[in-house]
Structure formats: C-alpha cells, structure tokens
Amino acid sequence: MVHPRAGPARGLGGGGAGAPPPPIGARAAAGCDVILVETVGVGQSEVEIASQADTSVVLLAPGMGDGIQAAKAGILEIGDVYVVNKADRDGADATARELNHMLGLGESRGPGDWRPPIVKTVAARGEGIDEVVEALEKHHAWMEEHGVLAERRLARASQEVETIAVTALRQRIGDLHGDRRLSALAERIVAGELDPYRAADSLVEGLTES
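Residues numbered from 1 in each chain as written. Predicted model: local features only at pLDDT ≥ 70, side-chain atom pairs only at ≥ 80, totals over all residues. Heavy atoms only, no water.

As for the sheet that holds strand β3 (residues 118–120)
Strand pairing in a sheet is mediated by backbone hydrogen bonds. Such pairs are either parallel or antiparallel.
At step 1: Sheet architecture is open: three strands sit in the order β1-β2-β3, paired in parallel fashion. Bordering the open sheet on either side are β1 (57–60) and β3, each of which pairs with just one other strand. In this sheet, neighbouring strand axes are inclined to one another by 25° on average, regardless of whether the strands run parallel or antiparallel.
At step 2: Relative to strand β2 (residues 81–84), β1 runs parallel, the two being bridged by four bridges. Note on β2: the bridge partner recorded for Leu59 is Val83.
At step 3: Helix α4 (residues 92–105) contacts β1, β2 and β3 of the sheet and is inclined by roughly 175° relative to β3. (Pairing = 2+ DSSP bridges. Helix = DSSP H or I, 4+ residues; strand = E, 2+ residues; numbered from the N terminus. Axes fitted to C-alpha atoms, helices over the stretch in contact; angles between N-to-C directions. Contact = heavy atoms within 4.5 Å.)

So, in structure tokens, the structure goes:
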C-alpha cells in the first residue's frame, strides 16, 4: 500500500515537515509496509530527518553543485544509499566518482559494516529503479542481520517520547507567563537569593509534580 502526502516545512529546519513521526505512525498502523518520506531539501546541518527513517537515501544530480554540498553538509554521515539521478547528463559519472572518493575518505568501517552503494538512475525513463530497490532491500536485510534495525527503531521511539514530553513541558512553562510562581522566582534571582539554574530546576520540579 502506498499513500503519498505532501507536507510543508512551515519554516522549520531538519529536512522534515514539522513533525513527521505521527503521520509515519499513522500510515504504519493503516497497513503501509513501506513508507517513503520525501524531505523538503537539506542543508548543512538539516539532517535530522535521517533519524526518522530506517534507511536514508541521498539523491544527487550532476551539474547542480551537489557534490560540494554533500562534502560539507554532513550528508556523507547519514546516507545509507546514494542515488545520482539524471545519469544521462554530462557530469553524472564524475559526480558518482567524486562521491565514491569522498565516501572512501570518510570511511571508518570494519569487516561486515555497511558501505553505502552509489546507484545511477534516469527517473524520467525509469532507468535504475530496480537497482535502487535492490539496494534498499540489501540494506534492510543487513540491518536485520546485525540488529541495527531494532536499535534504530528503539532510538526513534525514545526520541519521539522525549520530544513530546519536552514540548508539553515547554507549553506548560509558556502558560506561566504572568504567574506568581515565575515572578517569585525572578524576584529571588534579582535579590541574589537564587541562581537561574536552581530556579529552573525548582520550576520544572513543581510542574512535573502538579
């Protein structure tokens, strides 16, 4: 089952559309065995989206400066499969070679570790699609064999719980503006009776107990 749905970035970084995990979970619960999450484009540090997927595919194209971008953006650290699309254009082979060279320079892998493959495609003609699917299946099988899949999913679930909890706590703190408890702590800080860190600890403790 495939259910495509676009999502705006809403001005947020990370490559995702605000909060992808709930939509991903909803599609999984609906019976979608494979869920594709398309990023809104990533920059130098906007690679958080990789933590929300089992396999991260980095898509590059020749003649667009993507090689330089990949070298500086941290993308080499998060990609499990690399795809050079528009492989019928000039520069595609050079892009693939440059990418392979950069992956080799950054390698610190041992025997049995996953080495991201580089697949060339021409999406407009459907060329290379089977090779991409094969690479994804091989990565999935490798993760299952080495226990990486379970580790990633546990880490993702933990991160989601933490994010929800922090968001809820931030909202409750935001509701305190004008509240006497916050004003009282501020007065004690100004008076030199309390430092901001102890005041924050006291405030969080009070919120979690209430």
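Still to come is the rest of the account.
Here we look at the pattern of salt bridges
At step 1: Applying the stated criterion across every chain yields a total of nine salt bridges.
At step 2: Between Arg125 and Asp88 there is a salt bridge, with the nearest N and O atoms lying 3.3 Å from each other. Of this pair, Arg125 sits in the loop between β3 and α5 (129–146) while Asp88 sits in the loop between β2 and α4; the two residues are 37 residues apart in sequence, bridging distant segments of the chain.
At step 3: Accessibility expressed as a relative area gives 46% for Asp88, which makes it partly exposed.
At step 4: Two residues, Glu134 and Lys138, come together in a salt bridge whose shortest N-O distance is 3.3 Å. Linking Glu134 with Lys138, this pair stays in helix α5, spanning four residues, or about one helical turn.
At step 5: A cluster of three or more residues bridged by salt bridges with shared partners is formed by Asp54, Arg153 and Arg156. (Salt bridge = Lys/Arg side-chain N within 4 Å of Asp/Glu carboxyl O. Buried < 20%, exposed > 50% of the residue type's maximum accessible area, 1.4 Å probe, protein only.)

With respect to the side chain of Thr95
At step 1: Within the secondary structure, Thr95 sits in helix α4.
At step 2: Among all residues touching Thr95, those that are not within four sequence positions of it are Pro62 and Val84.

Some details on the packing of aromatic side chains
At step 1: Under the counting rule described, the total for this entry stands at one aromatic pair.
At step 2: Here the aromatic rings of Trp114 and Trp142 are separated by 6.1 Å at their centres, their planes lie at 45°, and the arrangement is tilted. Within this pair, whereas Trp114 is found in the loop between α4 and β3, its partner Trp142 is found in helix α5, the two being separated by 28 residues in sequence.
At step 3: Owing to a relative accessible area of 17%, Trp114 belongs among the buried residues under this scheme.
At step 4: A residue is classified by how much of its surface remains accessible, and Trp142, at 16% relative accessible area, is buried. (Phe/Tyr/Trp six-rings, centres within 6.5 Å; stacked < 30°, edge-to-face > 60°.)

Looking at the confidence of the model for the protein chain
At step 1: On average, the protein chain scores 79 in pLDDT, and the residues at 70 or more come to 74%.
At step 2: Low pLDDT, under 50, characterises residues 9–20; the stretch is placed with 24 contacts to residues that sit more than four places away or in other chains. (pLDDT = per-residue confidence, 0-100.)

Comments concerning helix α6 (residues 148–174)
At step 1: Here α6 contains 27 residues, and its C-alpha end-to-end distance of 38 Å stays within 8% of the 39 Å for a straight helix at 1.5 Å per residue.
At step 2: Looking at α6, one finds that the buried residues are Val148, Leu149 and Arg156. (Expected span 1.5 Å × (residues − 1).)

Section: the environment of Ala94
At step 1: Tracing the sequence through the fold places Ala94 in helix α4.
At step 2: Residue class for Ala94 comes out partly exposed when judged on its relative accessible area of 38%.
At step 3: A C-alpha to C-alpha distance of 9.8 Å links Ala94 and Gly63, two positions 31 residues apart in sequence.

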